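Single-letter residue listing:
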Amino acid sequence: MTPERERRASELVARYPESQSALIPFLQFCQAHDGYVTQQAIHDAAEIAGITPGEAESIASFYTLLFKEPVGKHKIQVCRTLSCMLRGADELQQHVRQRLGLGNGESSPDGRFYYEEVECLAACDRAPCLQHNLEFHYDVTPEDFDRLLDEWRASDPGVSMPAE
Ligand code: FES
């Protein structure tokens, strides 16, 4: 483990009564650096949590924002569960796919975007719901998505974007 990761692991373990609680935040920390959850990160996380790498991998697999392979920097997830579907998620999904030029589970070739349709994001009363990295957006219309895409583009200039 690198000194930086050892420092972060110590901080996280000290923060919680059970060291296993540090597992997910530690993996998020590693993913922020590596772009995805590497096997080394799984091994390191298992070590600090006092569990086996297989157990760590199994736990991590429940979290839709932990990725086992490199994906686009802007991770866009649209809910596909009932409340959102009843309030226009299918139209939003079609629009997002068209704007990004991506299918479900795909990343753009430039590494900029990743798109995924996911199960309930626990914001059913504000459907349809979209998550961008760790940020939630509620009652999202296709027009809202266009505005958000412009904001993400403006905040991250200098890299080619999907076709208009
Ligand atoms: S059904 Fe979409 S957030 Fe719950």
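Per chain, residue numbering runs from 1 following the sequence as it is written. In view of the model being predicted, local features appear only for residues whose pLDDT reaches at least 70, and side-chain atom pairs are presented and counted only at 80 or more, with totals across whole chains, interfaces and linings using the full set of residues.

**Comments concerning the pairing of strand S1 (residues 74-79)**
In the case of a regular strand, side chains alternate between the two sheet surfaces. Taken across its 6 residues, S1 has 5 buried, putting it largely inside the fold. Strands are treated as partners if at least two bridges between them are detected by DSSP. Counting from the N terminus, the helices are DSSP H or I runs at least four residues long and the strands are E runs at least two residues long. The pairing of S1 with strand S3 (residues 113-118) spans 6 bridges and is parallel. Residue pairing in the sheet places Ile76 in a bridge with Tyr115 of S3. Sheet topology places S1 next to strand S4 (residues 130-132); 3 bridges connect them, and they run antiparallel. Each bridged residue has a counterpart across the sheet, and for Val78 the counterpart in S4 is Leu130. Field definition: a residue is buried when 20 or more other C-beta atoms are found within 10 Å of its C-beta, exposed when 12 or fewer are, and partly exposed for counts in between, with C-beta atoms placed from the backbone.

**Observations concerning the domain arrangement of the protein**
Reports often express the size of an interface as the amount of accessible area lost when the parts come together. Delimitation of the domains relies on an automatic or database domain assignment. What the domain assignment reports for the protein is domain 1 (3-60) and domain 2 (74-155). The C-alpha centroid of domain 2 is placed 28 Å from the C-alpha centroid of domain 1.

**Here's the deal with the packing of helix H2 (residues 23-34) against helix H3 (residues 39-49)**
All axes here are fitted lines through C-alpha atoms, helices being fitted over the stretch that makes contact, and every angle between N-to-C directions spans 0 to 180 degrees. Here H2 crosses H3 at 155 degrees, and the two axes come no closer than 10 Å. With respect to H3, the element H2 is oriented roughly antiparallel. By crossing handedness, the relation of H2 to H3 is classed as right-handed. Contacts between H2 and H3 involve Leu23, Phe26, Leu27, Cys30 and Asp34 from the first element and Ala41, Ala45, Ile48 and Ala49 from the second. Charged means Asp, Glu, Lys or Arg here, nonpolar means Ala, Val, Leu, Ile, Met, Phe, Trp, Tyr, Cys or Pro, and polar covers whatever is left, Gly included. Partitioning the contact of H2 with H3 into residue classes produces 8 nonpolar, no polar and 1 charged. For classification purposes, angles smaller than 35 degrees are called roughly parallel, those larger than 145 roughly antiparallel, those between 65 and 115 roughly perpendicular, and all remaining angles oblique. In this scheme, a crossing is called left-handed if the near helix is turned counterclockwise away from the far one by less than a right angle; it is called right-handed if the turn is clockwise. Working definition of a contact: two residues with C-beta atoms, positioned from the backbone, lying within 7 Å.

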